[in-house]
Amino acid sequence: MSLTKKRHCMKRSKGDIAFTIANTLILTAFVVITLYPIINTVAISFNDGLDALRGGIYLWPRMFTLQNYSTVLAKDSLLTGAKITVLRTVLATVIHLSVTALLAYVLTQKDYIFAKHISFFYVVTMYVSGGLIPTFLVYKELGLTNSFWVYVIPGAVSAFNMLVMRTYMNGLPDSLQESAQLDGAGYLTIFVRIIAPLCKPVFATVALFIAVYQWNSWFDAMLYNRMKDEYTTLQYELMKLLSSVTNQGANAQTIKNSGNQVTPTSVRAAATVLTSLPIVCLYPFLQRYFIAGLTIGGVKE
Amino acid sequence: MAKRAKKTRQKQKITLKQIIKQKELILISIPFVIYGIIFYYVPLAGWVMAFQNYKPKYGLWESPFVGLQKFERLFSDPNFIKVIRNTLCMGIINLVLSFFFSILFAILLNEVRIRSAKKFVQTVSYLPHFLSWIIVTGIVHDVLSLENGIINQVLVALHILEKPINWFAYPKYFWWIVGFSNVWKETGWGSIIYLSAITSISPDLYEAAAMDGAGRLRKIWHITLPGIKPTIFILLLINIGNVLNAGFEVQYLLGNGLVQSVSQTIDIYVLKWGISQGDYSLGTAAGIFKSLVSIILIWLANSAAKAAGEERMF
């Protein structure tokens, strides 16, 4: 590879240079289009709300203020949402990961007589599902509606994550398990003591998938816990803020008359920044994990 | 592949002796089977509701059966026909746009020679994937806003538009807004799998092409693209089955009264009739229709791939 590269650099044709220039321009445009709206949101979140309505704020705030943030942090509903979101993300990640990993481990046992049946039983769920209404009714019967547990219990065993982990575990040498079995260790002990520690990379991948899903979900809060404000989530609160912006955001006059320094737009910008901050700060360091996970998951089934 | 062959050869018979020997594995499996039945298979049994006039006070056992009446009502509803059209069209637009941009991005990124620049662009490209649709649709609203939206400002400055447009007021723009929102959010993420496919192409091929005097565009056309063709096909197969699933969050969050006729999808219809109006049977019937079409699409795509001699899923 490096040899080819060197040869390339030495004799660059006109076409090659033109390609490089065009490619650089296209990718620069890509970066600008991706980053601009995000930077703009950050700038607005630090800008005086009324001043922002005049427009013309691009990459940097014009009238710097922290008022939007203090308004957001003073909202009880958003704080409740944050608490619930953190709680569900942590609990679900731990539970879903360990449960699904255990299933994946059981299904990698080559001589297990039911391994194929159970695999099929779960893979089917990837293609057919009961749909919104029957699922809703089942949760209602189980007492999961109007409850925190609707965020954690459904989806604990996911076929896709199971396949990703099973593929990884299949790649581990059998001899590890065999020698432990000779020492008389049971399956659970082997899983906890020997297999799980070796699976850290794939666990990191799956944990990331679960955590991001949990952190960003809002529909379950709206569908199952609409009446329960104490179980609201961060994204659902953000959604309520958003709809209040689209409904009245254009109406600058009413806001001006109310003499308030913050506007729905500026508050939403601050809430957006706070909500996405944890994930945005973390993901660059987890790149190799999700890349590995997607590659395994994509090739397999 | 070899592993699988070995497995079938020593196919295990289920005997009592085996069951006793593997009792620990079986004991661990039992909760998983119960869980799967409750959370995945009982809802499937709920499909029965579509053939009933389900009333919560009677439950599944006592509600009267009405045959295909709910399906007849569904298809005599002109709104539902529109909803099918919207779901299909947006699904196809999303599929085509996301494939095109992810593949293009992966190929262009692969051509970047400076490692740090490549790493930077790659990291930036994943960022939007980690933002929720709530945040992304908020950003889309900002960017397209009538007063301060950057798109309007740029288009007016370039004299493409005479005056700012309220993009969300015209049905003709809606599908494309949804499509490009998807592109903005998922292009980088979608490119991951193609990038890893590209890195597994043998460098010898490029070297040989270079000897023959092929430029970079020719190498992309004759080596890179054929190299990732199997990946493209497999992903296409998986995603064709999902075409009808691509229609809930974005449309729900971006839609408004003015564009209702083009923004409503099957999932939104189910939500509206099933949950809000309380007609569980009609909602379930619409859901079944969606599942059936998805299965047919997967099957069609799979047979087409088989006929074309490409890789397939089953």
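Residues numbered from 1 in each chain as written. Chains lettered and ligands numbered in written order. Predicted model: local features only at pLDDT ≥ 70, side-chain atom pairs only at ≥ 80, totals over all residues. Heavy atoms only, no water.

Asker: Kindly report on the overall build of chain B, identifying the contributing residues and their values.
Answerer: Counting its regular elements, chain B contains 16 helices and zero strands. Over its C-alpha atoms chain B spans a radius of gyration of 25 Å, topping by over 25% the 20 Å that the globule rule assigns to 314 residues. Across its three principal directions, the C-alpha atoms of chain B cover 70 × 65 × 35 Å. For chain B, the exposed area adds up to about 16300 Å²; of that, 66% sits on carbon and sulfur atoms. Seen as two clouds, the 31 positive and the 17 negative side-chain charges of chain B have centres 10 Å apart. (Helix = DSSP H or I, 4+ residues; strand = E, 2+ residues; numbered from the N terminus. Rg over C-alpha atoms; globule rule 2.2 N^0.38 Å. Areas by Shrake-Rupley, 256 points an atom, 1.4 Å probe, with all protein chains shown as cover. Lys, Arg positive; Asp, Glu negative; His and termini not counted. Charge placed at Lys NZ, Arg CZ, Asp CG, Glu CD.)

Asker: Lay out the interface of chain A and chain B with the relevant residues and their values.
Answerer: Each partner contributes residues to the interface: chain A has 98 residues there, and chain B has 90 residues. For the pair chain A and chain B, the summed buried area comes to about 8400 Å², and 74% of that belongs to carbon and sulfur atoms. When the buried area of chain A at its contact with chain B is split by residue, Phe19, Ile113 and Ile133 of chain A rank highest and sum to 8% of it. For the salt bridge of Arg268 of chain A with Asp142 of chain B, the shortest nitrogen-to-oxygen distance reads 2.8 Å. The tally of links from chain A across to chain B stands at 24 residue pairs in polar contact (both at pLDDT 80 or more). By residue class, the composition of the side of chain A that touches chain B is 60 nonpolar, 26 polar and 12 charged. (Contact = heavy atoms within 4.5 Å. Buried area = accessible area lost by both parts, 1.4 Å probe. Salt bridge = Lys/Arg side-chain N within 4 Å of Asp/Glu carboxyl O. Polar contact = N/O pair within 3.5 Å; in protein donor to acceptor, adjacent residues only side chain to side chain. Nonpolar A, V, L, I, M, F, W, Y, C, P; charged D, E, K, R; others polar.)

Asker: Kindly report on the nonpolar core, identifying the contributing residues and their values.
Answerer: Across soluble globular proteins, nonpolar side chains show a tendency to be buried alongside one another. Core analysis: the largest hydrophobic core is formed by 135 residues, its most contacted members being Tyr122, Met169, Phe203 and Phe290 of chain A together with Phe130 of chain B. Among the elements that take part in this core, helix H5 (residues 76-107) of chain A stands out by supplying 10 residues, more than any other. Counting only domains with at least three residues in this core, you end up with domain 1 (12-51) and domain 2 (69-307) of chain B. Ignoring anything within four residues of it in the chain, the contact list for Phe290 of chain A reads Thr205, Leu208, Phe209 and Tyr283 of chain A together with Tyr126, Phe130, Trp189 and Ile192 of chain B. Counting residues in hydrophobic clusters, the runner-up holds 30 residues, among them Phe30 of chain A together with Phe105, Leu108 and Leu244 of chain B. (Core = buried A, V, L, I, M, F, W, Y, C linked by side-chain atoms within 4.5 Å. Buried < 20%, exposed > 50% of the residue type's maximum accessible area, 1.4 Å probe, protein only. Domains from an automatic or database assignment.)

Asker: If you had to explain the domain arrangement of chain B to someone new, which residues and values would you point to?
Answerer: Residue and element names in this part refer to chain B. Its domain assignment divides chain B into domain 1 (12-51) and domain 2 (69-307). Domain 1 puts five residues into the contact, and the matching count from domain 2 is eight residues. Of the roughly 550 Å² buried between domain 1 and domain 2, counting both surfaces, carbon and sulfur atoms make up 78%. Of all residues in domain 1, Trp47, Met49 and Ala50 bury the most surface against domain 2, accounting for 87% of the area lost on that side. Connecting domain 1 to domain 2 are zero salt bridges. Our enumeration of links across domain 1 and domain 2 arrives at one residue pair in polar contact (both at pLDDT 80 or more). Grouping the amino acids of the side of domain 1 that touches domain 2 by side-chain chemistry returns four nonpolar, one polar and no charged.

Asker: How would you sum up the packing of aromatic side chains? Please name residues and give values.
Answerer: This structure, assessed with the given rule, holds 37 aromatic pairs over all chains. For the ring pair Phe121 of chain A and Tyr41 of chain B, a centre distance of 4.6 Å and an interplane angle of 20° mean the geometry is stacked. Here Phe121 of chain A is found in helix H6 (residues 115-127), whereas its partner Tyr41 of chain B is found in helix H3 (residues 23-45) on a different chain. Given the relative accessible area of 16%, Phe121 of chain A is considered buried. Take Tyr41 of chain B: its relative accessible area is 24%, and that puts it in the partly exposed class. Relative to Phe219 of chain A, the ring of Trp218 of chain A lies with its centre 5.9 Å away and its plane at 75°, an arrangement referred to as edge-to-face. For Trp218 of chain A, a relative accessible area of 1% gives the class buried. Pairwise contacts between aromatic rings join Phe209, Tyr283 and Phe290 of chain A together with Tyr126, Phe130 and Trp189 of chain B into one cluster. (Phe/Tyr/Trp six-rings, centres within 6.5 Å; stacked < 30°, edge-to-face > 60°.)

Asker: Residue-level account of the confidence of the model for chain B, with values.
Answerer: For chain B, the mean per-residue pLDDT works out to 88, and 95% of the residues sit at or above 70. In the predicted structure, residues 1-9 of chain B sits below a pLDDT of 50 and forms four contacts with residues beyond four places in sequence or in another chain. (pLDDT = per-residue confidence, 0-100.)

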